[in-house]
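One-letter residues, chain by chain:
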Amino acid sequence: MKFQNLFLWPLLFLPLVYMGVRLLNYYRRKRCSERFVERSVWDSVIGNISYTRRFWKGGLFTVILGLVILCLLRPQYGKSYDSVVRKGNSIFFVLDTSLSMMAEDVSPNRFERAKLEIISLLEQLKGDKVGLILMSGDSYIQCPLTMDYAAFRLFLEDVYVGIIPQSGSNLASSIQLALNAFKDVRGQGRGLVVFTDGEHFEGDLDGMIKKAKQEQLRVFTVGVGSDKGEPIPMINKQGQKAGYKKDKEGKVVMSRVNVTDLKRMAVETKGAFFFSTNVRFVSDTLYEVLSQYEKDRLEEQFYERYQDRYQYVLWLVLLLLLVDTFVCEMKQKSRFLSFSWLLRRKV
């Protein structure tokens, strides 16, 4: 037995206060009666009043008041177990951390723009599991699949360009990491969202695309930047721009978004391709696309719940209220005479 609204326990003093007030009024009326009317003529003056019935009526109301307060405390007894099934998508974000993501053809640069896109999409997701894979010459999981979006954002904020020492863009290893993480996740709600400029993909990308297609893993690619070309700024240890990246011949290297491979990858895996530019964010459109797919059963949780028993007390209150209507402070003879007098008046 437990009480859900135990904070209301001070109300239990109300019946005692009520009884105290009734007793105080009783003795006050008695003293007033003794002062103005002699005890020997009480029966002739106030003989119609039954003090015994008045006492029981007051006691009955006190019990009713106590039971009402007991209902407010919500007594609970017995347990039941309810299950809640969570459904949603399982999404891995792949973030390119290679040097080319420092190009400034989008504001403030490709890398920061990609992070803003992820955060904007994250704010729209509800009940989906998300994870983060970092990609450069190698790949690793920065944040495993989780429903804790606050923890995900902390992992995302710690990421910077060059966090992976190996240069390049090994998307094949990122896809393999995602497939390994999705081994225990089945259904249509799995997705891989890649934020990259798509330059110089390494590894057996074609083989991994076929494998992702076999595993029914949809790959959504987001090309961050422009296909016109942009120089890659070099940043010194003081965090200041120190010229642009140059090739062996001393020419400035121009970085372009590899639209062809990104589109091909998305089409072959039944995903979608998006272009993130200065004109608009793609997170809203990406969210609408992701929401169209059937959500998988992510987890089932069981909750312990106590059964409310105040209904039985409430039925007892209604019964006592019905009894209270038949309890009169007047004597039976007086009630009968009064009733006969009313009948004669009507006639």
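Residues numbered from 1 in each chain as written. Predicted model: local features only at pLDDT ≥ 70, side-chain atom pairs only at ≥ 80, totals over all residues. Heavy atoms only, no water.

Engineer: Is there a simple way to think about empty space enclosed by the protein in this case?
Structural biologist: Once rolled over the atoms, a probe with the size of a water molecule shows which space is left empty. Applying the stated criterion to the full structure yields one cavity of 30 Å³ or more. For the largest cavity, the calculated volume is near 60 Å³. Along the wall of the largest cavity there are 10 residues; nearest its centre are Gly189, Arg190, Gly191, Leu290 and Tyr293. Elements supplying a minimum of two residues to the lining of the largest cavity: strand E6 (190–196) and strand E7 (218–224). Residues that form the lining of the largest cavity fall into these classes: four nonpolar, four polar and two charged. (1 Å grid on protein atoms, 1.4 Å probe; cavity = no way out; pocket = protein on both sides within 12 Å on 5 of 7 lines; lining within 4 Å. Points joined across faces, edges and corners; volume = space filled by probe spheres on them. Helix = DSSP H or I, 4+ residues; strand = E, 2+ residues; numbered from the N terminus. Nonpolar A, V, L, I, M, F, W, Y, C, P; charged D, E, K, R; others polar.)

Engineer: Quick question: what am I supposed to make of the packing of helix H7 (residues 205–214) against helix H8 (residues 259–268) here?
Structural biologist: The relative placement of two packed helices is expressed as an angle between their axes plus a distance between the axes. Contact geometry of H7 with H8 gives a least axis separation of 9 Å together with a crossing angle of 25°. With respect to each other, H7 and H8 are oriented roughly parallel. Touching Leu205, Asp206, Ile209 and Lys213 of H7 are Arg264, Met265 and Glu268, all from H8. Residues that form the contact of H7 with H8 fall into these classes: three nonpolar, no polar and four charged. (Axes fitted to C-alpha atoms, helices over the stretch in contact; angles between N-to-C directions. Parallel < 35°, antiparallel > 145°, perpendicular 65-115°, else oblique. Contact = heavy atoms within 4.5 Å.)

Engineer: Got a minute to help me understand the nonpolar core in this structure?
Structural biologist: It is characteristic of soluble globular proteins that their nonpolar side chains tend to be buried jointly. In this structure, Phe93, Leu95, Leu132, Phe152, Phe195, Phe220 and Leu286 are the most contacted members of the largest nonpolar core, which totals 36 residues. Elements supplying a minimum of two residues to this core: strand E3 (90–96), helix H4 (110–122), strand E4 (129–135), helix H5 (149–157), E6, E7, strand E12 (272–276) and helix H9 (283–291). Other than its neighbours up to four places away in sequence, Leu132 contacts Phe92, Phe93, Leu95, Tyr140, Ile141, Gln142, Cys143, Phe152, Phe155, Leu156 and Val159. (Core = buried A, V, L, I, M, F, W, Y, C linked by side-chain atoms within 4.5 Å. Buried < 20%, exposed > 50% of the residue type's maximum accessible area, 1.4 Å probe, protein only.)

Engineer: Just checking my understanding: could you explain the sheet that holds E3 for this structure?
Structural biologist: The pairing of strands in a sheet comes from backbone hydrogen bonds and takes either a parallel or an antiparallel form. With respect to topology, six strands assemble into an open sheet ordered E5-E4-E3-E6-E7-E12, the strand pairing being mixed. The open sheet is flanked by strand E5 (139–146) and E12, the only strands paired with a single partner. Looking at each pair of strands side by side, their axes are set apart by 15° on average, direction ignored. Where E6 lies against E7, six bridges are found, and the strand directions are parallel. Bridge pairing links Thr196 to Gly223 in E7. Sitting on the sheet, H4 touches E3, E4, E6, E7 and E12, and the angle it makes with E3 is about 165°. (Pairing = 2+ DSSP bridges.)

Engineer: Hey, could you run me through the layout of surface pockets in this one?
Structural biologist: Empty space within the largest pocket amounts to approximately 340 Å³. If you trace the largest pocket, you find 18 residues lining it, with Ser98, Leu99, Ser167, Gly168 and Lys245 closest to the centre. In the lining of the largest pocket, the residues fall into six nonpolar, 10 polar and two charged. Put simply, the second largest pocket is a space of about 210 Å³. Forming the boundary of the second largest pocket are 11 residues, of which Arg22, Leu23, Tyr26, Arg54 and Phe55 lie nearest the centre. Broken down by secondary-structure element, the contributors of at least two residues to the lining of the second largest pocket are helix H1 (14–36) and helix H3 (51–72).

Engineer: Explain the packing of aromatic side chains here, please?
Structural biologist: Aromatic ring pairs: the centre-centre distance and the angle between the two ring planes describe each pair. Under the definition given, this model contains six aromatic pairs. One cation-aromatic arrangement involves Arg113 over Phe281; the distance from NZ or CZ to the ring centre is 4.2 Å. (Phe/Tyr/Trp six-rings, centres within 6.5 Å; stacked < 30°, edge-to-face > 60°. Lys NZ or Arg CZ within 6 Å of the ring centre and 35° of its normal.)

Engineer: Looking at this model, I keep getting lost on the pairing of E7. Mind explaining?
Structural biologist: Note on strand geometry: in a regular strand, side chains alternate between the two faces of the sheet. Within E7, seven of the seven residues are buried, leaving the element largely enclosed by the surrounding structure. Alternating residues of E7 divide into Arg218, Phe220, Val222 and Val224 and Val219, Thr221 and Gly223, and every residue in both groups is buried. Viewed along the sheet, the connection from E6 through H7 into E7 turns out right-handed. Relative to E12, E7 runs parallel, the two sharing five bridges. Bridge pairing links Gly223 to Phe275 in E12. (Right-handed = clockwise from strand over helix to strand, strands pointing away.)

Engineer: Looking at this structure, how should I read the pairing of E5?
Structural biologist: Note that E4 and E5 share five bridges and pair antiparallel. Within E5, the position partnered with Leu132 by the bridge is Cys143. Hairpin connection from E4 to E5: three residues lie between these consecutive antiparallel strands.

Engineer: Is there a simple way to explain the confidence of the model for the protein chain in this structure?
Structural biologist: When pLDDT drops low, the exact placement of atoms in the prediction is not to be read closely. Here the protein chain averages 81 in pLDDT, while 83% of its residues score no lower than 70. Contacts from residues 333–342, a stretch scored under 50 in pLDDT, to residues over four places away or in other chains number four contacts. (pLDDT = per-residue confidence, 0-100.)

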